[in-house]
Amino acid sequence: MVLHLSGTDAELAAREARERIAANLDATTRRSFLRRSFTLGGLSLLSGCSLTDGASIELALSRVSRFNDRVQAWLFDPARLAPTYPEAMISRPFPFNAYYGEDEIRELDAAAWRLEVAGRVTDRRPWSLRRLAGLPQQSQITRHICVEGWSAIGHWGGVPLRTFLAHVGADLSAKYVGFRCADDYATSIDMATALHPQTLIALSFDGAPLPPKYGMPAKVRIPTKLGYKNPKHITALFVTNTYPGGYWEDQGYNWFGGS
């Protein structure tokens, strides 16, 4: 199916993609760029280390990434909404994305599934899908931006994460909310992003229960973040002041991952 966008829509989509790709090069590209360019001295001045070997480059990359995180957090506006789109612009089929192939997609028993809750919360009882579906729901048609350079528009529905955090008595002054998943994935976000009005615990896609390829029975949908910050098949949520890292973040990807 070919989508014919108006000039304004096409320009917006292109600008979004350019900005997000430029701000979030993958770890391999960034390492290559460091090796080719920053050995001239610019990065050594910024990071305070001499780039003479692999360990020095990794240390420099880590320091620049942390600096990038601080800048993105400073620029993040918790009241600014990500763009939304009309139903006619939904990408069908919506692409599958994960660190594994489609032949390894997880299929969970929705009836037996439970979301564990831990950390700085007052109510640690696990949540069933039925109980979660009983909370106020919200839907959105937003753009998923992948760090690899592609994007797609999807229709998601679910529970605002801030609503869920209020129900479990989360410490909203804590720094991080982390997630663990049935596919051995993990990631974490800042509390400001967790409380953003468009951040969802998504239970549906395109008006139907979330299918396995998109994260059944629940995923986290964050339109203000890049795709790798949107975990699927979530099984645990925790609130903490200790930096939690994540699957890709521990391999050199930028932690804040803002779009």
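An account of the accompanying structure is given in this report. (Residues numbered from 1 in each chain as written. Predicted model: local features only at pLDDT ≥ 70, side-chain atom pairs only at ≥ 80, totals over all residues. Heavy atoms only, no water.)

1. Some details on the overall build of the protein chain
Here is step 1: In terms of helices and strands, the protein chain carries seven helices and ten strands.
Here is step 2: The burial tally for the protein chain puts 46% of its 259 residues in the buried class.
Here is step 3: Of the contacts made within the protein chain by residues no fewer than 6 positions apart, 69% connect residues no fewer than 24 positions apart.
Here is step 4: Roughly 12,600 Å² of accessible area belongs to the protein chain as shown, and the carbon and sulfur atoms make up 55% of that amount. (Helix = DSSP H or I, 4+ residues; strand = E, 2+ residues; numbered from the N terminus. Buried < 20%, exposed > 50% of the residue type's maximum accessible area, 1.4 Å probe, protein only. Contact = heavy atoms within 4.5 Å. Areas by Shrake-Rupley, 256 points an atom, 1.4 Å probe, with all protein chains shown as cover.)

2. So, the pattern of salt bridges
Here is step 1: Under the definition given, this model contains seven salt bridges.
Here is step 2: The salt bridge involving E102 is made with K213; its shortest N-O contact spans 3.9 Å. With E102 in the loop between α4 (54–75) and β1 (114–119) and K213 in the loop between β8 (208–209) and β9 (219–221), this residue pair connects regions lying 111 residues apart in the sequence.
Here is step 3: Judged by relative accessible area, K213 falls into the partly exposed class, the value being 27%.
Here is step 4: Taken together, the salt bridges that share partners define one network made up of E87, R92 and D206. (Salt bridge = Lys/Arg side-chain N within 4 Å of Asp/Glu carboxyl O.)

3. Remarks on the side chain of D183
Here is step 1: Relative to the helices and strands, D183 is located in the loop between β5 (176–181) and β6 (186–190).
Here is step 2: With no salt bridge to any partner, buried D183 finds its closest opposite charge in R106, at an N-O distance of 5.8 Å. (Lys, Arg positive; Asp, Glu negative; His and termini not counted.)

4. Brief notes about the packing of aromatic side chains
Here is step 1: Here the structure, examined in full by the defined rule, presents 18 aromatic pairs.
Here is step 2: Arranged with centres 5.2 Å apart and planes meeting at 85°, the rings of Y228 and Y253 form a pair that is edge-to-face. One end of the pair, Y228, is in the loop between β9 and β10 (234–240); the other, Y253, is in the segment after β10, and 25 residues separate them in sequence. Just as Y228 is buried, Y253 falls in that class too.
Here is step 3: Judged by centre distance (6.0 Å) and plane angle (65°), the ring pair of Y243 and W255 falls under edge-to-face. With Y243 in the segment after β10 and W255 in the segment after β10, this pair connects stretches of sequence that are twelve residues apart.
Here is step 4: Given the relative accessible area of 44%, Y243 is considered partly exposed.
Here is step 5: A relative accessible area of 8% means that W255 is categorised as buried.
Here is step 6: Here a set of aromatic residues connected by ring pairs shows up, and it is made of F96, Y99, Y100, Y185, Y228, Y247, W248 and Y253.
Here is step 7: Its end group placed over the ring of W127, R131 keeps NZ or CZ at 3.6 Å from the ring centre.
Here is step 8: The side chain of K225 reaches across the aromatic face of W255, ending 6.0 Å from its centre. (Phe/Tyr/Trp six-rings, centres within 6.5 Å; stacked < 30°, edge-to-face > 60°. Lys NZ or Arg CZ within 6 Å of the ring centre and 35° of its normal.)

5. Remarks on the sheet that holds β10
Backbone hydrogen bonds are what pair the strands of a sheet, in a parallel or an antiparallel way.
Here is step 1: With mixed pairing, the five strands of this open sheet are ordered in space as β2-β1-β10-β5-β6. Each edge of the open sheet carries a strand with a single partner, namely β2 (127–128) and β6. (Pairing = 2+ DSSP bridges.)

6. Examining the pairing of strand β7 (residues 200–205)
Here is step 1: Of all six residues making up β7, five are buried, and the element is well covered by its neighbours.
Here is step 2: One ladder, built from two bridges, connects β7 with β8; its direction is antiparallel. Looking at the pairing, F205 lines up with A208 of β8.
Here is step 3: Between the end of β7 and the start of β8, which pair antiparallel, lie two residues, with D206 showing a positive phi angle near 55°.

7. Some thoughts on unusual backbone geometry
Here is step 1: The omega torsion of the bond from R92 to P93 falls at 0°, within 30 degrees of zero and hence cis.
Here is step 2: Locating P93 in the fold gives a position in the loop between α4 and β1.
Here is step 3: Look at the link from M216 to P217: it is a cis peptide, with omega at -5°.
Here is step 4: Position of P217 among the secondary structure elements: in the loop between β8 and β9.

8. What about the pairing of strand β4 (residues 151–160)?
Here is step 1: Within β4, eight of the ten residues are buried, leaving the element largely enclosed by the surrounding structure.
Here is step 2: Bridge count for strand β3 (residues 138–145) against β4 is eight bridges, and the pairing is antiparallel. From the neighbouring strand, I141 faces β4, where its bridge partner is H155.
Here is step 3: Joining the antiparallel neighbours β3 and β4 is a turn of five residues, in which G149 adopts a positive phi near 115°.
Here is step 4: Judged from the five bridges that link them, β4 and β7 form a sheet pairing that is antiparallel. Within β7, the residue paired with G157 across the bridge is S204.

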